[in-house]
Each structure stands twice: as C-alpha cells, then as structure tokens.
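Chains, contacts and geometry: an overview
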Amino acid sequence: MIEFSTWDILRNLLLAARWTVLLSLVSFIGGAAVALVLLFMRISKRKSLRITAKYYIELFQGTPLLMQLFIAFFGLGLLGIDVPAWLAAGLTLILWAASFLAEIWRGCVDAVSKGQWEASASLAMGRFQQMRYVIMPQAMRVAVPPTVGFAVQVIKGTAVTSIIGFVELSKAGTVVTNATFQPFTVYGLVALIYFALCWPLSKSSQILERKLNVAHRNH
C-alpha cells in the first residue's frame, strides 16, 4: 500500500483549488455582467422588460442549482449537443449568479431615496445618467456587504459542479480520499483551503465598506 504524506495530499488539493478559483472568478464576473443587464431591465419603464427580467430571476432562484447543472450537461447531451463539463459548469453558474446579484443590486438601488431620482431628473439627466452619476454611487455603499457575501457563496457553490464530473476542490477531495483512505485529513485540508479562499473576501469587504462610509461622510 502506497503511503501518502500530508504534503502529498495538500499538493493535489491545491492543484484542484486553482480550478475552484478560476470557476468562481468566471461565474462571478460573468454573472455580474448579466446582472447589470437584468438590473436595468428590472427598473426599466417598459413593462415587457421588467416582466422578462422578473421571470428569469424567479426561474433561476426558484430551481435547484443541481437541476440546472443536470439540464446544461446531461439534458443538452440527450439532444446531441456535446457540452464539456467546464463549459456547462461555467455557463450555469453565470446564469445562476446573475439572478441573485440582480436582485441584491435592485434592492440597493431601491434603498436610495426617491428624492435623489427627482433631484437628478430636475437636472435634465436621462435614465442612464441618473443611474451612473447619482444612484449607483450611493447604491454601491449599500451593495458591498451582500455582494461580497454572495461571492463567498459562489466559491462554495462550485462544489456542486462535481456532480457533472468537473474536478474542483471538493471533487478532488473525494478522489484523494479514495486513494489515501484518510478522509479526516483530506476533508480537514479541504475545509481549510475553502476558508483561506473565503476569509480574505470577508475582511476586504469590511475594509472597503469602512472606506466608502468615510468617503461618504467627508463628501
């Protein structure tokens, strides 16, 4: 029987953690881009855009991420469309993340007083200018904590993609456990790596929030 040292286990897990980080970045950045579009649709004066965005958000928030992954990977496969696991995972997480970020940001925009809308409208600003120069800067202060909190959820949510064969950190933990028969060591290290990825985000959120609040008070 081959003996595996703690360093051997950790090295393999860190290699897989790179894919967790990459998938998290793609999912969050891509999701944020789609979420911005959904946000403008949600606050649009056109009813058709508001309804379309609402149903999109309800669909992705109201169905399990696991089911969405199955449809993207196995469902399209049944239709003869060969989708690599990494592509199915990335696209699904982008669409899933967008539905939550759009609602988080809509809530932050709604938190800005209506007087700000009226004041900017009196300056003959268009809808886009109102959002860019008046509403969004104020909404950003409110949006930092929930946005970063959701980014942490995205990192942990990547673990679900192992169900379609994508080898990220949690999937690697299972593979390494089967090879080493050291579940406590393996999953202890997996937990520590997840913590090492998520904790700096939480701390940076607190620092950024304080800086934005100070800047707002000085302004």
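Residues numbered from 1 in each chain as written. Predicted model: local features only at pLDDT ≥ 70, side-chain atom pairs only at ≥ 80, totals over all residues. Heavy atoms only, no water.

As a further point, take the nonpolar core. Core analysis: the largest hydrophobic core is formed by 35 residues, its most contacted members being Leu 38, Trp 96 and Trp 105. Of all the secondary-structure elements, those providing two or more residues to this core are helix H1 (6-42), helix H2 (47-62), helix H3 (65-78), helix H4 (85-110) and helix H6 (127-157). With residues up to four places along the chain from it excluded, the contact list for Leu 38 reads Ala 53, Tyr 56, Ile 57, Ala 98, Ser 99 and Ala 102. By size, the runner-up hydrophobic cluster in this structure holds 15 residues, among which are Ile 9, Leu 13, Leu 169 and Ile 193. (Core = buried A, V, L, I, M, F, W, Y, C linked by side-chain atoms within 4.5 Å. Buried < 20%, exposed > 50% of the residue type's maximum accessible area, 1.4 Å probe, protein only. Helix = DSSP H or I, 4+ residues; strand = E, 2+ residues; numbered from the N terminus. Contact = heavy atoms within 4.5 Å.)

This part covers the environment of Ser 162. Looking at the secondary structure, you find Ser 162 in the loop between H6 and helix H7 (169-180). Through-space distance from the C-alpha of Ser 162 to that of Leu 69 is 10.0 Å; in sequence the pair is 93 residues apart. When near neighbours in sequence (up to four residues on either side) are disregarded, Ser 162 contacts Glu 168, Ser 170 and Lys 171.

Before going further, it helps to examine unusual backbone geometry. The backbone of Phe 181 sits at a positive phi, close to 60°, despite the residue not being glycine. Within the secondary structure, Phe 181 is located in the loop between H7 and helix H8 (183-218).

What follows deals with the packing of aromatic side chains. Aromatic rings in a pair are described by how distant their centres are and how their planes are angled relative to each other. Tallying each qualifying case throughout the model produces eight aromatic pairs. Grouped by ring-pair contacts, the aromatic residues Phe 70, Phe 73 and Phe 74 constitute a single cluster. (Phe/Tyr/Trp six-rings, centres within 6.5 Å; stacked < 30°, edge-to-face > 60°.)

The residue Thr 177 is located in helix H7 in this model. Excluding residues that lie within four positions of it along the chain, Thr 177 makes contacts with Gln 182, Pro 183, Val 186 and Tyr 187.

Within the secondary structure, Thr 20 is located in helix H1. As a C-alpha pair, Thr 20 and Ser 170 span 150 residues in sequence and 8.8 Å in three-dimensional space. Those residues in contact with Thr 20 that sit more than four places away from it in its chain are Ile 155, Thr 158, Glu 168, Leu 169, Tyr 194 and Leu 197.

With 16 residues, H2 extends 22 Å from end C-alpha to end C-alpha; this agrees with the ideal 22 Å at 1.5 Å per step. Along H2, the residues that are buried comprise Ala 53, Ile 57 and Phe 60. Summarising the axial view, the buried residues of H2 lie within an arc of 75°, below the 170-degree limit, and thus occupy one face. Turned more than 90 degrees away from the buried face of H2 sit Lys 47, Tyr 55 and Gly 62, all of them exposed. Each element contacted by the buried residues of H2 is listed here: H1, H3 and H4. (Expected span 1.5 Å × (residues − 1). Arc of directions from axis to C-beta.)

All right, on to the packing of H2 against H4 then. Across the interface, H2 lies against H4 with an axial gap of 9 Å and an inter-helix angle of 120°. Crossing hand, H2 versus H4: left-handed. Residues Tyr 56, Ile 57, Phe 60 and Gln 61 of H2 pack against Leu 95, Trp 96, Ala 98, Ser 99, Phe 100, Ala 102 and Glu 103 of H4. (Axes fitted to C-alpha atoms, helices over the stretch in contact; angles between N-to-C directions. Left-handed = near helix turned anticlockwise from the far one by under 90°.)

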